[in-house]
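Notes for the structure review
Spelled out, the chains give:
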Amino acid sequence: MALTAGDDAPTVTARNQDGEEIVLEFDHPTVLYFYPRDETPGCTTEATQFQRELETYHEAGVDVYGVSTDDVDSHQSFCESEGLEFDLLADPDAELAEAFDVEVRNGATARTTFFIGDSEVKAAYEDVDPDGHARQVLLDALEDGRVSLPE
């Protein structure tokens, strides 16, 4: 079972689509979403919807990261083909998945999203429907008062 609200978020390190090492300490609001594979229909829907909501996430002070077991080159291609402007983290050995207790099936992570702040999981979503998920996570964070938009 994946980490749940109230659990401490582990500090993790992974390479993004540009091969840069990213260290996530989760000291400020962050969405970390795990998805099965680059360039597949559901994952493309989810990624492009996070991209569509990205400006609003940033206005609310929230960073967004996608994670899959695909490698850096696959992530780079996916970002380019879909115009993604947020980091996709490569987790080929499923180390991030293990750190967050995300299930790995046939080498791919289960679709799981975490909203994290102050180094703590504030909300967790498992087996989500990718269509509409990006907006729902944002709305939940706004409604729960975890973040707010400037006036």
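Residues numbered from 1 in each chain as written. Predicted model: local features only at pLDDT ≥ 70, side-chain atom pairs only at ≥ 80, totals over all residues. Heavy atoms only, no water.

Per an unreviewed UniProt entry, the protein is named thioredoxin-dependent peroxiredoxin, and its organism is Natronococcus jeotgali DSM 18795. Checking UniProt for the protein, the heading Catalytic activity (unreviewed entry) contains the comment "a hydroperoxide + [thioredoxin]-dithiol = an alcohol + [thioredoxin]-disulfide + H2O". Quoted verbatim from the Sequence similarities (unreviewed entry) field of the UniProt record, the comment on the protein reads "Belongs to the peroxiredoxin family. BCP/PrxQ subfamily." (UniProt positions renumbered as here; feature names shortened; annotations may be inferred.)

A complete count under the given rule lists nine aromatic pairs for this structure. Between Phe 26 and Phe 100, the ring centres sit 5.9 Å apart and the planes meet at 85°, which makes this aromatic pair edge-to-face. Of this pair, Phe 26 sits in the loop between strand S2 (21-24) and strand S3 (30-34) while Phe 100 is found in the loop between helix H3 (95-99) and strand S6 (104-105), placing the two residues 74 residues apart along the sequence. A relative accessible area of 0% places Phe 100 in the buried class. Ring centres of Phe 100 and Phe 114 lie 5.0 Å apart, and the angle between their planes is 40°; on these two criteria the pair is classed as tilted. Taken together, the positions of Phe 100 in the loop between H3 and S6 and Phe 114 in strand S8 (residues 112-117) put the pair 14 residues apart, joining distant regions of the chain. Looking at Phe 114, the relative accessible area reads 0%, which means it is buried. A connected cluster of aromatic rings, assembled from ring pairs, spans Tyr 33, Tyr 35, Phe 50, Tyr 57, Phe 78 and Phe 86. Over the aromatic face of Phe 115 sits the side chain of Arg 146, whose NZ or CZ is 4.8 Å from the ring centroid. (Phe/Tyr/Trp six-rings, centres within 6.5 Å; stacked < 30°, edge-to-face > 60°. Helix = DSSP H or I, 4+ residues; strand = E, 2+ residues; numbered from the N terminus. Buried < 20%, exposed > 50% of the residue type's maximum accessible area, 1.4 Å probe, protein only. Lys NZ or Arg CZ within 6 Å of the ring centre and 35° of its normal.)

Right, let's get into the pairing of strand S5 (residues 87-90). Residues Asp 87 and Leu 89 point to one face of S5 and Leu 88 and Ala 90 to the other, with burial holding for every one of them. Where the polypeptide runs from strand S4 (residues 63-68) across helix H2 (residues 72-82) and back to S5, its parallel neighbour, the crossover connection is right-handed. (Right-handed = clockwise from strand over helix to strand, strands pointing away.)

Moving on to the packing of helix H1 (residues 41-59) against helix H4 (residues 133-143). Interhelical geometry of H1 versus H4 gives an angle of 35° and a closest axis separation of 8 Å. Residues Glu 46, Gln 49, Phe 50, Glu 53, Thr 56 and Tyr 57 of H1 lie in contact with H4, whose contacting residues are His 133, Ala 134, Arg 135, Val 137 and Leu 138. Looking at the contact of H1 with H4, its residues break down into five nonpolar, three polar and three charged. (Axes fitted to C-alpha atoms, helices over the stretch in contact; angles between N-to-C directions. Contact = heavy atoms within 4.5 Å. Nonpolar A, V, L, I, M, F, W, Y, C, P; charged D, E, K, R; others polar.)

Moving on, we get to the pattern of salt bridges. One pass over the structure, following the stated rule, counts eight salt bridges. Residue Arg 105 pairs with Asp 127 through a salt bridge whose shortest N-O separation is 3.2 Å. One end of the pair, Arg 105, is in strand S6; the other, Asp 127, is in the loop between strand S9 (120-126) and H4, and 22 residues separate them in sequence. Judged by its relative accessible area of 40%, Arg 105 is partly exposed. Looking at Asp 127, the relative accessible area reads 55%, which means it is exposed. Within the structure, one salt-bridge network assembled from shared partners comprises Glu 103, Arg 105 and Asp 127. (Salt bridge = Lys/Arg side-chain N within 4 Å of Asp/Glu carboxyl O.)

A few words on unusual backbone geometry. Positive phi, normally seen in glycine, also occurs at Glu 39, with a value near 65°. Along the chain, the position of Glu 39 falls in the loop between S3 and H1. Accessibility expressed as a relative area gives 40% for Glu 39, which makes it partly exposed. Notably, Asp 127 is not glycine yet its phi reads approximately 45°, a positive angle.

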